[in-house]
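What the coordinates show
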Amino acid sequence: MFLGYVGAIAGGIGLAAILLVISKTLRLNLPRWLYPATAGLGMLLLTIHIEYSWFSQVRSTLPEEIEIVETFDYSVPYQPWTYLIPRVNRFVAIDHTSARTNDGVEDLVLIDVILMERFSPTFKATNFVNCDAGERLLVGDDIEMDETGMPLSSDWSAVGLDDPLIKAVCERHNSPSA
């Protein structure tokens, strides 16, 4: 975040310096207020660029085993342009290398879900996914299992088979060859 501020200030000064060089080279007599206004515009534009490029930069650093299954757009009043073009500030991903199945319990996959948000710590949560019922269960330290390996919890979230996380997990891991 600190480097974003430093970059924004440098970008603003750089844009004002470019305007100054152009005005001196072409011998233009520009109003004095235009230089700080240009610096402010440069800072604003660079900050907008940094905010909008966060998701693509993070996505490009993820290994191919991590699949982004859902993104969330962000719009706020103090950034009115985000109502025209919302930006992604958080997403949900799954780590396919962590997927585990149990031959004794069909349609059940255990997988790590990664929740990432700008300016927040990354959170990883292990979930059971029931591909038959379209349900998810957050795994905690106190989870109990029956003799077949089925969780004995009533805290399943019925999200439906159209849920992006359910679809991504079940399409890849809920098959006889998985």
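Predicted model only: the values in this text are computed from it and were never measured.

The next thing to look at is the overall build of the chain. When helices and strands are counted, the chain shows 4 helices and 6 strands. In sequence order, the secondary structure elements of the chain are arranged as α-α-β-α-β-β-β-β-β-α. Radius of gyration (C-alpha) of the chain: 24 Å, far over the 16 Å computed for a compact globule of 178 residues. In terms of overall dimensions, the chain has C-alpha extents of about 85 × 30 × 30 Å along its principal axes. Counting over 178 residues, the chain shows a buried share of 32%. Across the chain, the fraction of contacts at a sequence separation of at least 24, relative to all contacts at a separation of at least 6, is 45%. Charge-centre separation for the chain: the mean point of 12 positive side chains lies 25 Å from the mean point of 23 negative side chains.

Using the criterion set out here, one finds 1 disulfide in the structure. Each disulfide pairs two cysteine sulfurs, and for Cys131 the partner residue is Cys170, the sulfurs being separated by 1.9 Å. Because the sign of the S-S torsion sets the handedness, a value of about -95° for the bond joining Cys131 and Cys170 places this disulfide among the left-handed ones. Within this pair, whereas Cys131 is found in the loop between strand 4 (123-130) and strand 5 (135-138), its partner Cys170 is found in helix 4 (residues 164-173), the two being separated by 39 residues in sequence. The exposure classification of Cys131 matches that of Cys170, with both residues buried.

Packing of helix 1 (residues 2-25) against helix 2 (residues 34-61) brings their axes to within 7 Å, and their N-to-C directions diverge by 135°. Accordingly, the angle class assigned to the pair helix 1 and helix 2 is oblique. Seen along the crossing, helix 1 lies across helix 2 with a hand that is right-handed. In this structure, helix 1 uses Gly4, Gly7, Ala8, Ile9, Gly11, Gly12, Leu15, Ala16, Leu19, Leu20 and Ser23 to contact helix 2, whose residues at the interface are Leu34, Tyr35, Thr38, Ala39, Gly42, Met43, Leu46, Thr47 and Ile50. Partitioning the contact of helix 1 with helix 2 into residue classes produces 12 nonpolar, 8 polar and no charged.

The next point concerns the pattern of salt bridges. Scanning the model with the defined rule gives 4 salt bridges in all. A salt bridge links Arg87 to Glu51; its shortest N-O distance comes to 3.0 Å. Of this pair, Arg87 sits in strand 2 (residues 87-102) while Glu51 sits in helix 2, and the two are 36 residues apart along the sequence. Given the relative accessible area of 11%, Glu51 is considered buried. Put simply, Arg136 and Asp163 hold a salt bridge, and the shortest N to O gap is 3.2 Å. Linking Arg136 in strand 5 with Asp163 in the loop between strand 6 (157-158) and helix 4, this pair joins segments that are 27 residues apart in sequence. Here the residues in one salt-bridge network are Glu51, Arg87 and Arg118, joined through shared partners.

Parameters at a glance
Residues numbered from 1 in each chain as written. Predicted model: local features only at pLDDT ≥ 70, side-chain atom pairs only at ≥ 80, totals over all residues. Heavy atoms only, no water. Helix = DSSP H or I, 4+ residues; strand = E, 2+ residues; numbered from the N terminus. Rg over C-alpha atoms; globule rule 2.2 N^0.38 Å. Buried < 20%, exposed > 50% of the residue type's maximum accessible area, 1.4 Å probe, protein only. Contact = heavy atoms within 4.5 Å. Lys, Arg positive; Asp, Glu negative; His and termini not counted. Charge placed at Lys NZ, Arg CZ, Asp CG, Glu CD. Disulfide = S-S within 2.5 Å. Axes fitted to C-alpha atoms, helices over the stretch in contact; angles between N-to-C directions. Parallel < 35°, antiparallel > 145°, perpendicular 65-115°, else oblique. Left-handed = near helix turned anticlockwise from the far one by under 90°. Nonpolar A, V, L, I, M, F, W, Y, C, P; charged D, E, K, R; others polar. Salt bridge = Lys/Arg side-chain N within 4 Å of Asp/Glu carboxyl O.

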